[in-house]
Amino acid sequence: MIALSNTLLVMLGTSLLGAVAGIVGSFAVLRRRALVGDLLAHAALPGLCLAFLALNYRPASEGWFSPTTSGNGNWQFTAMLIGAFATGIIGVALVTLVCRYSRTKEDAAIGIVLSTFFGAGVVLSSLIQNLPTASSKAGLQTYIYGQAAGMTREDVWFIIIMAAACLLLVMLLYKEFQVFSFDPGFARAQGWPTLALDMTMMGTLALVTVVGLPTVGVVLMAAMLIIPGAAARFWTDRLGRMLVISGLIGAGAGIGGTLISAGTIESLLGFDPLAFGHNTRNLPTGPVIVLCGTTLFVISLLFAPRRGAVARMLRTLGVRRRIARENLLRSLYELSESRFPDLPEVPLKQLVDERTWSAGTVRRLVAWGNTAGLIERSAGGVRLTSAGRKRAEKQVRLHRLWELFLISGADIAPDHVDRDADSIEHFLTPEITAALEAQLGAQGYLPPASGVVPDSPHGLAATITSRPTGQEPASD
């Protein structure tokens, strides 16, 4: 029961931390400043070390650094967080000032400040490791690598207060943050204090980073800030929804990481699906939380309905399939056009030569057309049905409208427009088609009857060149 209570306590703290880190970190992702989270996490390290040294400093007569009782407990916890917050803010301020008042790019400024602060932190950390106060070093290690399992009730209350303050700030400045994230130039033109908004946003990010250090540590806190926002971006284009989804992903990663680390999954299932023959108990909670967040990011990357890789691949395959089917109907129409109104037989080999398709591709397309009732098989090949001819006429008309537009408006030679039209005709909207018909009809390039397929312009170069008297070619 005690273990379960501790698990619930840690899970509450990590889920709240993941949710608020996801919400606040989304603004950094939208502003293409995801590396700021990394900067904050690494810039906090020298602050932690300096606070540790200050707490353990004693006069030379007592030894420069000696064990102390005043540096333990809540005071040490608070002092080290204040030190981390201070150096984190200094790092962000330096990046902002360097970018604003010099020609240094933001990514370069972040790289310079991050590496400098982290280098200073490593030097100070090495100094602390050589001190005789070995009993106090464990506190510093907690902040560097994280120790969520040691979370206390006071820590959870601290996270709750911090999360409430950050969410209140985001709600109050939602409109300003939204405009500043997507169009900082517009916000500046409106006379808004963009520097103050930038520092407020980054200060909130720094606060969340510092509070999360005891849970996941300096190195992994950047992932808690970046991963939920980057994953949520796959699911929506609306900022409000993105913040909600990002918060849910961050909270889910916290809950999942805590349960896996505590061995709760094994207790529920009766076996550990992640053991792989080894005992996974006592896994570090912070890294497991980050791995859970990464898993949710990969799921979003693959399966998000609009931006996911699988959805995009299916859309691409669908477009390619539609284009191939439309090209099949157009090719059959053009090969049969000289013998209309009869529907002559077209040998499969002629189709293969016409489109430079493989024989397998032609067979698959013909099978589709036969099933759809647009194509009939015959002993020597295939032919269009009446329904297939009507559908092919629409596609051929679009193709020739675009060819005529290229010839008359762009002065492209008639024998060079086929490939260009072939790649555009499949994406002409009804509005564009109507505009083409109006323009080409006014220039006398279309038959008087509406909806009639115009003759192929490949054999009409002379006709196209000798435009109707008093009519100028289209300029666009």
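Residues numbered from 1 in each chain as written. Predicted model: local features only at pLDDT ≥ 70, side-chain atom pairs only at ≥ 80, totals over all residues. Heavy atoms only, no water.

What follows is about the overall build of the chain. The helix and strand tally for the chain stands at 19 helices and two strands. Split into buried and exposed, the 476 residues of the chain put 44% on the buried side. Partitioning the intrachain contacts of the chain with sequence separation of at least 6 by distance along the chain shows that 72% fall at a separation of at least 24. Roughly 23900 Å² of accessible area belongs to the chain as shown, and the carbon and sulfur atoms make up 63% of that amount. (Helix = DSSP H or I, 4+ residues; strand = E, 2+ residues; numbered from the N terminus. Buried < 20%, exposed > 50% of the residue type's maximum accessible area, 1.4 Å probe, protein only. Contact = heavy atoms within 4.5 Å. Areas by Shrake-Rupley, 256 points an atom, 1.4 Å probe, with all protein chains shown as cover.)

Before going further, it helps to spend a moment on the packing of helix 2 (residues 35-55) against helix 4 (residues 106-129). The geometry of helix 2 relative to helix 4 is characterised by a closest axis approach of 8 Å and an angle of 30° between their N-to-C directions. Taken together, the axis directions place helix 2 and helix 4 in an arrangement best described as roughly parallel. Helix-helix and strand crossings are classified by hand; for helix 2 and helix 4 the assignment is left-handed. Residues Leu35, Val36, Asp38, Leu39, His42, Ala43, Leu45, Pro46, Cys49, Leu50, Phe52 and Leu53 of helix 2 touch helix 4, and the partners they reach there are Ile110, Val113, Leu114, Phe117, Phe118, Ala120, Gly121, Val122, Leu124, Ser125, Leu127 and Ile128. Split into classes, the residues belonging to the contact of helix 2 with helix 4 amount to 20 nonpolar, three polar and one charged. (Axes fitted to C-alpha atoms, helices over the stretch in contact; angles between N-to-C directions. Parallel < 35°, antiparallel > 145°, perpendicular 65-115°, else oblique. Left-handed = near helix turned anticlockwise from the far one by under 90°. Nonpolar A, V, L, I, M, F, W, Y, C, P; charged D, E, K, R; others polar.)

What follows covers the confidence of the model for the chain. Keep in mind that low pLDDT regions are not for reading the predicted coordinates in detail. Averaged over all residues, the pLDDT of the chain is 81; the fraction at 70 or higher stands at 85%. Across the chain, helix 13 (residues 309-336) holds the top mean pLDDT of 92, while helix 19 (residues 461-465) sits lowest at 45. Counted against residues more than four places away or in other chains, residues 67-71, with its pLDDT under 50, gives nine contacts. Within the model, pLDDT remains below 50 along residues 461-476, and this stretch shows 24 contacts once partners closer than five positions in the same chain are excluded. (pLDDT = per-residue confidence, 0-100.)

Formed by 74 residues in total, the largest nonpolar core has its most connected members in Leu39, Met162, Leu205, Val208, Leu213 and Met221. Counting residues per element, this core draws most heavily on helix 9 (residues 194-232), which supplies 15 residues. Once residues within four sequence positions are removed from consideration, Met221 is found in contact with Ala21, Ala41, Val208, Thr209, Gly212, Leu213 and Val216. Leu328, Trp357, Val362 and Val366 belong to the second-largest nonpolar core, a separate cluster that totals 20 residues. (Core = buried A, V, L, I, M, F, W, Y, C linked by side-chain atoms within 4.5 Å.)

Take Arg321: it is sitting in helix 13. Residue classification places Arg321 among the partly exposed positions, given a relative accessible area of 42%. Here the alpha-carbon distance between Arg321 and Leu365, two residues 44 residues apart in the chain, equals 9.0 Å.

Pairing between side chains of opposite charge can happen when the charged atoms of each approach one another. Counted according to the given criterion, the structure contains 11 salt bridges. The salt bridge partner of Asp198 is Arg31, with a shortest N-O separation of 2.8 Å. Residue Asp198 is found in helix 9, and its partner Arg31 is found in the loop between helix 1 (2-30) and helix 2; the two are separated by 167 residues along the sequence. Taking the relative accessible area as the measure of exposure, Asp198 reaches 6% and is therefore buried. The class for Arg31 is buried, based on a relative accessible area of 17%. One salt bridge connects Lys349 with Asp353, and the closest N-O pair in it is separated by 3.1 Å. (Salt bridge = Lys/Arg side-chain N within 4 Å of Asp/Glu carboxyl O.)

An ideal rise of 1.5 Å per residue puts 27 Å on 19 residues; helix 12 (residues 285-303) measures up with 27 Å between its terminal C-alpha atoms. Three or more residues of helix 12 are buried, namely Thr285, Gly286, Val288, Ile289, Val290, Cys292, Gly293 and Ser300. (Expected span 1.5 Å × (residues − 1).)

Turning our attention to a nonpolar patch on the surface. The grouping of Trp235, Val298, Ile299, Leu301, Leu302 and Phe303 at the surface amounts to a nonpolar patch, some 490 Å² of accessible area in total. Residue position: Leu302 is located in helix 12. (Patch = residues over 30% accessible without salt bridge, like charges linked within 9 Å, V, L, I, M, F, W, Y side chains within 5 Å.)

All told, the structure shown has three aromatic pairs when counted by the stated rule. Aromatic side chains Phe27 and Phe177 sit 5.3 Å apart centroid to centroid with 70° between the ring planes, which places their arrangement in the edge-to-face category. Here Phe27, found in helix 1, pairs with Phe177, found in helix 7 (residues 174-182); they are 150 residues apart in sequence, far enough to count as distant. Using a relative accessible area of 2% as the deciding quantity, one classes Phe27 as buried. Between Trp402 and Phe405 the ring centres are 5.0 Å apart and the planes differ by 35°, which places this aromatic pair in the tilted class. Separated by three residues within a single helix, Trp402 and Phe405 lie in helix 16 (residues 386-410), roughly one turn from each other. Across the pair, exposure class does not vary: Trp402 and Phe405 are buried alike. Its guanidinium or amino end placed over the ring of Phe427, Arg322 lies 5.7 Å from that ring's centre, counting from NZ or CZ. (Phe/Tyr/Trp six-rings, centres within 6.5 Å; stacked < 30°, edge-to-face > 60°. Lys NZ or Arg CZ within 6 Å of the ring centre and 35° of its normal.)

It is worth spelling out the packing of helix 14 (residues 348-355) against helix 15 (residues 359-371) at this point. Remark: helix 14 packs on helix 15, axes separated minimally by 10 Å, with the N-to-C direction vectors making an angle of 115°. Classified by the angle their axes make, helix 14 and helix 15 are roughly perpendicular. For the element pair helix 14 and helix 15, the recorded crossing hand is right-handed. Across from Leu348, Leu351 and Val352 in helix 14, the residues of helix 15 making contact are Ala359, Val362 and Val366. Considering only residue class, the contact of helix 14 with helix 15 consists of six nonpolar, no polar and no charged.

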